[in-house]
Amino acid sequence: MTYRQRTKAINDAAREYRGPYRHYDIVKEATIAIGVVALLAVVLSILFSSPDEKPATVQSWSRAMPASFVATAVSELDGSSGTAGYGPPYNNASTGQHIAFIHLQQWFGVAHPINTSQDYVIAPLRALNTDTTLQHALNTYTSASAKQQMAWDNAYATAVGKAPHYADQAESREEQKSNTAAVLRISGANMGPLPVMMGRLLAFAQAGGLDGVLLANKQYYATDYTKTLMFLADGDYLPDLAQNDHLLGTQWGMMNETGSFPGQGWLWLYTFWYQIKPFSTSANADVLVMAVMGLLSVLFVAVPFLPGVRDLPRKIPIYRLIWREHYAQLQS
Amino acid sequence: MSTTIDDGAVPQAHAGSTDTGNGSWTVALRRRWVNTLPPEKLLPDGQPAYVASWIYVFGVLTLSSLAMLIASGTILALKGPGWWHDSSLGHFFNSIHLWSVEMFFFFMVIHLWGKYWMSAWRGGRARVWTTGAVTFLIAIPCALTGYISQQNFDAQWISTQAKDAMNSVGIGSFFNLLNFGQIYGYHVFLLPLAVVLLVVVHVLLVRRHGVVPPLPNDLQQMLEDSRKGGAVATGSPAQAEQVVSR
């Protein structure tokens, strides 16, 4: 008997059942099941509730880590931030990830354009048009050559990198004030207008104004958080908070939940690939993981048609445990 | 004019029925529906005797969790996405929603594994498996968009992390995890609709084909019988039509 004939015979044998039936009330079963699940959900909710950690804002970031905030703002200005160099769908700074000759990220193009220097620094500062000192500094910066701008950016970024408590979150108001003052003291002729620009941007962010400007779109109602979230993601603040909640990629990332709550356990296989080579060290990790998961998903759906995979349940007779009463009855 | 439908599936035409059935799309659809899934299959009062294991419970528990998800999600949607952050009642319904999704996936995974070890695709039931598997796959972005719609730190972190995978394959250009308005729409309508439709098809297919019978007790013997051309059925013919009280 060939494999094909054997498979067909096994398949045909399951088409029709001629054995005994037992009484069954499908409506009663469904009602009881809904009752049990509802009770479980209520009990679990009363006992454990659910997490709700306040969102990070540009304001909270700039207050907690002022040096880190202005360093990120400078990286947006000089084009060295993660967003500035991301590529599609935000800009054309790179081609993005790919597998061999397949450049899906590039092919789908720039759908959510972000000009980091304009959107995160220049335009928000331009909005403060009553501040003549700032506007003069902005004019100086924007009319300078790219080489000069880069020299100012580098000089300022180097100084900010040496600011006290650069990577630490301030734990009190006094610390916030002291760390902010340290950033505002940064100055030097080689930094051009940067100290004025960054000082004003920091003050604007700490007052909450930058959150509103970044969320503003062409229309009055705003629901698109792309710009503000990309800015937050470029800084150290968001990962710092995530690390405390064991949410980093190296900590099995987003399948976890804040606090001790169960997260998206069903994402374990997606997250798993990021933990091992070659994915963990590849610049194309995301597209590789998506390709692997796409392939596995297709195979998962196609299990009934996959020789070997569909035969395994017959070789490992767990089915005998499931239908033990049936087989016992046949034996007797 | 009252008529009798000739296929026997619907013994009597309903009062008010005027169509002879010739050329009527409605009657053709009704006949096909009733032939494919007669009421006694759709709402059965009997079950094959082999359906006697705890593993069978997980299908209906998955459905019940889905019902709880829809109920709690509807309440959260009625009050708007910001409600649960400020209201203890809202927070309670959010907790119900969270624990329902945890149960939904927990029960569904056990259900899927159970069906795998039963080779539940046998006997023309491949579509039952594939609809179930696709439901599982669609439920994942459905849950992901829910986590992103929370409007809290968790949502911020998950969306900024998950966007890279979406962007890497181009999906991010039209499915922007950082756009709350878009993702909320996906979460409260589009993806749940897909899940519910798939579940309906899945359940109807189960009712149509019945629960898969056990693998033959003596596989070799069955294959031998099959090779000789004999009819093969899982249950013993002597037990046919016998009703077992449990």
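Presented here is an overview of the structure given in this document. (Residues numbered from 1 in each chain as written. Chains lettered and ligands numbered in written order. Predicted model: local features only at pLDDT ≥ 70, side-chain atom pairs only at ≥ 80, totals over all residues. Heavy atoms only, no water.)

A few words now on the interface of chain A and chain B. Listed per partner, the contact involves 101 residues of chain A and 111 residues of chain B. Between chain A and chain B, the buried area comes to about 9600 Å², and carbon and sulfur atoms account for 68% of it. The three residues of chain A that bury the most area against chain B are Arg-22, Trp-266 and Trp-323 of chain A, which together make up 9% of that side's buried surface. Linking chain A to chain B there are zero salt bridges. Where chain A touches chain B, the interface holds 32 residue pairs in polar contact (both at pLDDT 80 or more). Among the residues forming the side of chain A that touches chain B, the class breakdown is 66 nonpolar, 18 polar and 17 charged. In terms of strand pairing, strand 1 (residues 21-23) of chain A meets strand 1 (residues 46-48) of chain B through three bridges, oriented antiparallel. Looking at the pairing, Arg-22 of chain A lines up with Gln-47 of chain B of strand 1 of chain B. (Contact = heavy atoms within 4.5 Å. Buried area = accessible area lost by both parts, 1.4 Å probe. Salt bridge = Lys/Arg side-chain N within 4 Å of Asp/Glu carboxyl O. Polar contact = N/O pair within 3.5 Å; in protein donor to acceptor, adjacent residues only side chain to side chain. Nonpolar A, V, L, I, M, F, W, Y, C, P; charged D, E, K, R; others polar. Pairing = 2+ DSSP bridges. Helix = DSSP H or I, 4+ residues; strand = E, 2+ residues; numbered from the N terminus.)

All names here are of chain A. A cluster of like negative charges, contributed by Asp-168, Glu-171, Glu-174 and Glu-175, occupies part of the molecular surface. Within the fold, Glu-175 resides in helix 9 (residues 173-184). Residue classification places Glu-175 among the partly exposed residues on the basis of a relative accessible area of 31%. (Patch = residues over 30% accessible without salt bridge, like charges linked within 9 Å, V, L, I, M, F, W, Y side chains within 5 Å. Areas by Shrake-Rupley, 256 points an atom, 1.4 Å probe, with all protein chains shown as cover. Lys, Arg positive; Asp, Glu negative; His and termini not counted. Charge placed at Lys NZ, Arg CZ, Asp CG, Glu CD. Buried < 20%, exposed > 50% of the residue type's maximum accessible area, 1.4 Å probe, protein only.)

Turning our eyes to something else, we now look at helix 13 (residues 237-244) of chain A. Counting along an α-helix, one turn takes 3.6 residues, and residues three or four places apart therefore face a common direction. Restricting attention to buried positions, one finds in helix 13 of chain A the residues Tyr-237, Leu-238, Leu-241 and Ala-242 of chain A. Down the axis of helix 13 of chain A, the smallest arc covering the buried residues is 135°, so these residues share one side. Where the residues of helix 13 of chain A are buried, they touch helix 3 (58-64) and helix 12 (226-234) of chain A together with helix 7 (153-168) of chain B. Positive backbone phi, approximately 45°, marks His-246 of chain A, located one or two places after helix 13 of chain A. (Arc of directions from axis to C-beta.)

Moving on, we come to the pattern of salt bridges. Residue and element names in this part refer to chain A. According to the stated counting rule, one finds seven salt bridges over all chains in the structure shown. Close ionic contact of Asp-12 with Lys-8 constitutes a salt bridge, the shortest N to O distance being 2.7 Å. Pair noted here: Asp-12 and Lys-8 are both in helix 1 (residues 3-13), with a separation of four residues, about one helical turn. Since its relative accessible area comes to 29%, Asp-12 is described here as partly exposed. Residue class for Lys-8 comes out exposed when judged on its relative accessible area of 52%. With a shortest N-O distance of 3.9 Å, Glu-16 and Arg-18 are connected by a salt bridge. A residue is classified by how much of its surface remains accessible, and Glu-16, at 46% relative accessible area, is partly exposed. Several salt bridges share partner residues, and in doing so they unite Lys-8, Asp-12 and Arg-15 into one network.

For the rest of this paragraph, the subject is the environment of Met-103 of chain B. Looking at the secondary structure, you find Met-103 of chain B in helix 5 (residues 88-117). Sequence-wise, Met-103 of chain B and Ile-171 of chain B are 68 residues apart; in three dimensions their C-alpha atoms are separated by 29 Å. In contact with Met-103 of chain B, not counting residues within four places along its chain, are Val-37, Leu-40 and Ala-41 of chain A together with Ser-65 of chain B.

Counted at 1.5 Å a residue, the expected span for helix 6 (residues 126-148) of chain B with its 23 residues is 33 Å, and the 34 Å between its end C-alpha atoms agrees. With 18 of 23 residues buried, helix 6 of chain B lies mostly within the body of the structure. (Expected span 1.5 Å × (residues − 1).)

Here we take up the packing of aromatic side chains. All names here are of chain A. As enumerated under the stated definition, the model contains 34 aromatic pairs over all chains in all. Here the aromatic rings of Phe-69 and Phe-231 are separated by 5.9 Å at their centres, their planes lie at 70°, and the arrangement is edge-to-face. Taken together, the residues Phe-69 in helix 4 (residues 66-78) and Phe-231 in helix 12 connect sequence positions 162 residues apart. Among the residues examined, Phe-69 registers a relative accessible area of 0% and is labelled buried. Looking at Phe-231, the relative accessible area reads 0%, which means it is buried. (Phe/Tyr/Trp six-rings, centres within 6.5 Å; stacked < 30°, edge-to-face > 60°.)

In this section: the side chain of Gln-149 of chain A. Residues and elements named next belong to chain A. One can find Gln-149 in helix 8 (residues 146-161). According to the relative accessible area criterion, Gln-149 is buried, its value standing at 18%. When residues no more than four places from it in sequence are discounted, the contact partners of Gln-149 are Tyr-141, Thr-142 and Ala-144.

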